[in-house]
Amino acid sequence: MSQSAPSSYILRNMAEVANPDSVSLIPQTLGWLLLLVIILLVLSYVVTKRYLNYRMNQYRREALAILQHNQHNEKRDLMCYQVLTQVSHYLYLQQKKYPQQKKQFGQAWLDYLNRQCAGKACFQPELSQAWLNHLVGGNQDFSSQDSQAIFAATEQWLSAHRVPQWLSEQWNFSVVVKRGLSRLTLKATSAQGAINQGQRNQGNSKQGDSNGVE
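Residues numbered from 1 in each chain as written. Predicted model: local features only at pLDDT ≥ 70, side-chain atom pairs only at ≥ 80, totals over all residues. Heavy atoms only, no water.

A. Spotlight on the overall build of the protein chain. Counting its regular elements, the protein chain contains nine helices and zero strands. Reading the protein chain from its N terminus to its C terminus gives the helix and strand order α-α-α-α-α-α-α-α-α. Within the protein chain, the proportion of its 214 residues that are buried is 23%. Once local pairs closer than 6 in sequence are excluded, the contacts in the protein chain between residues at least 24 apart make up 67%. Of the roughly 15900 Å² that the protein chain leaves accessible, carbon and sulfur atoms contribute 57%. (Helix = DSSP H or I, 4+ residues; strand = E, 2+ residues; numbered from the N terminus. Buried < 20%, exposed > 50% of the residue type's maximum accessible area, 1.4 Å probe, protein only. Contact = heavy atoms within 4.5 Å. Areas by Shrake-Rupley, 256 points an atom, 1.4 Å probe, with all protein chains shown as cover.)

Below, the structure written as C-alpha cells:
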C-alpha cells in the first residue's frame, strides 16, 4: 500500500531555508593584511636571493658538467687543466684586484688554487706536480689512479672554491636592484628622447608645408 503525499495543510508553515553568506578568503582586518604583505615580501626576498645565487654559480655548474662529460676521455688530464685555467681566469686573473697571480702553471699556481679552496687543500703537492710534468713531457709514471685523483681534486675545487668578492658584489640583491632600476631609467629616458625627437621632426615638417603653401 503506497503512502499518500502530505497535503498542503502540513507544509503551509514551512519556509525555504536561506543559504548562509559566503565567507571571504581575504582578511577583513588591517593587521592580517599587513601580516600577509610582510610574508609575501619575505618570500619574494628569499626566492630572489636563491635565484641570484643560482645565477652567480652558473659558471660552476657548466664547468662541472664539462668535467663529468669528459670523465672517461683519454685526454682527461689535459681537460682538467683546461677547465681549471678557464675558471680561474674568469674568477681571478682577469680582475685587476688579483695581479699577483698571472702564470697559470707550476706549483705557485696550484698553491694559489689551494688558497681559494674552502677547507683543506684540494691539490696535493707531489701528485699535482707529477700531473703538470705529465702534461708537459708525458710522464710515464703518472698512473690511471693518479689521473683519477687529479680528476677528483679538480671536481672538489670546482664545487668548493670560494667565490671572489667582486662576483659576490655583482650578484648582491641591492646591487642587482639598483642595476635594474638604472636600466629602466635609461630606457625611459631613451624612449622620451625618441618621442621628443619625433615631435620636433613633425613640427618642422608642418612648418615646411606651411611655408610651401605661402
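B. View of a nonpolar patch on the surface. A surface patch of nonpolar side chains, amounting to about 590 Å² of accessible area, comprises Trp32, Leu35, Leu36, Ile39, Leu40 and Leu43. Relative to the helices and strands, Trp32 is located in helix 2 (residues 30–56). Residue classification places Trp32 among the exposed residues on the basis of a relative accessible area of 57%. (Patch = residues over 30% accessible without salt bridge, like charges linked within 9 Å, V, L, I, M, F, W, Y side chains within 5 Å. Salt bridge = Lys/Arg side-chain N within 4 Å of Asp/Glu carboxyl O.)

C. The state of the cysteines, seen in detail. According to the stated counting rule, one finds one disulfide in the structure shown. Cys117 shares a disulfide with Cys122; S-S distance 2.0 Å. Pair check on accessibility: Cys117 and Cys122 agree, each one buried. (Disulfide = S-S within 2.5 Å.)

D. Geometry of the nonpolar core. The biggest cluster of nonpolar side chains holds 31 residues, and the ones touching the most others in it are Val87, Phe123, Trp131 and Trp157. Contributions of two or more residues to this core are made by helix 2, helix 3 (58–69), helix 4 (76–93), helix 5 (106–116), helix 6 (125–137), helix 7 (144–160) and helix 8 (165–170). Ranked by residues supplied to this core, first place goes to helix 4 with eight residues. Setting aside its immediate chain neighbours within four residues, Trp131 contacts Asp77, Cys80, Tyr81, Leu84, Leu110, Phe142 and Ile150. (Core = buried A, V, L, I, M, F, W, Y, C linked by side-chain atoms within 4.5 Å.)

E. View of the layout of surface pockets. In this structure, the largest pocket encloses a volume near 190 Å³. Lining the largest pocket we find Tyr59, Glu62, Ala63, Ile66, Gln82, Val83, Gln86, Val87 and Tyr90. When residues of the lining of the largest pocket are traced back to their parent elements, those giving at least two are helix 3 and helix 4. Top contributing element to the lining of the largest pocket by residue count: helix 4, with five residues. In the lining of the largest pocket, the residues fall into six nonpolar, two polar and one charged. (1 Å grid on protein atoms, 1.4 Å probe; cavity = no way out; pocket = protein on both sides within 12 Å on 5 of 7 lines; lining within 4 Å. Points joined across faces, edges and corners; volume = space filled by probe spheres on them. Nonpolar A, V, L, I, M, F, W, Y, C, P; charged D, E, K, R; others polar.)

F. Looking closely at the side chain of Thr154. Relative to the helices and strands, Thr154 resides in helix 7. Of the residues examined, Thr154 reaches a relative accessible area of 0% and is grouped as buried. Only 2.8 Å separates the side chain of Thr154 from the backbone oxygen of Ile150, close enough to count as a polar contact. Among all residues touching Thr154, those that are not within four sequence positions of it are Leu67, Cys80, Leu84 and Phe123. (Polar contact = N/O pair within 3.5 Å; in protein donor to acceptor, adjacent residues only side chain to side chain.)

G. Layout of the UniProt feature "transmembrane region" (unreviewed entry) in the protein chain. According to UniProt, the feature "transmembrane region" (unreviewed entry) maps to residues 30–48 in the numbering used here. In this annotation, residues 30–48 is assigned 100% helix and 0% strand; the end-to-end C-alpha distance for the span is 27 Å. (UniProt positions renumbered as here; feature names shortened; annotations may be inferred.)

H. Region of interest: the packing of aromatic side chains. Under the definition given, this model contains seven aromatic pairs. With a centroid separation of 5.3 Å and an interplanar angle of 50°, the aromatic rings of Tyr59 and Tyr90 are classed as tilted. In this pair, Tyr59 is assigned in helix 3 and Tyr90 in helix 4, connecting sequence segments 31 residues apart. Judged by relative accessible area, which is 11%, Tyr59 ranks as buried. A relative accessible area of 32% places Tyr90 in the partly exposed class. Taken together, a centroid distance of 5.9 Å and an interplanar angle of 75° make the contact between Tyr90 and Trp166 edge-to-face. Of this pair, Tyr90 sits in helix 4 while Trp166 is found in helix 8, placing the two residues 76 residues apart along the sequence. If you follow Arg61 out to its NZ or CZ, it ends over the ring of Tyr54, 3.6 Å from the centre. (Phe/Tyr/Trp six-rings, centres within 6.5 Å; stacked < 30°, edge-to-face > 60°. Lys NZ or Arg CZ within 6 Å of the ring centre and 35° of its normal.)

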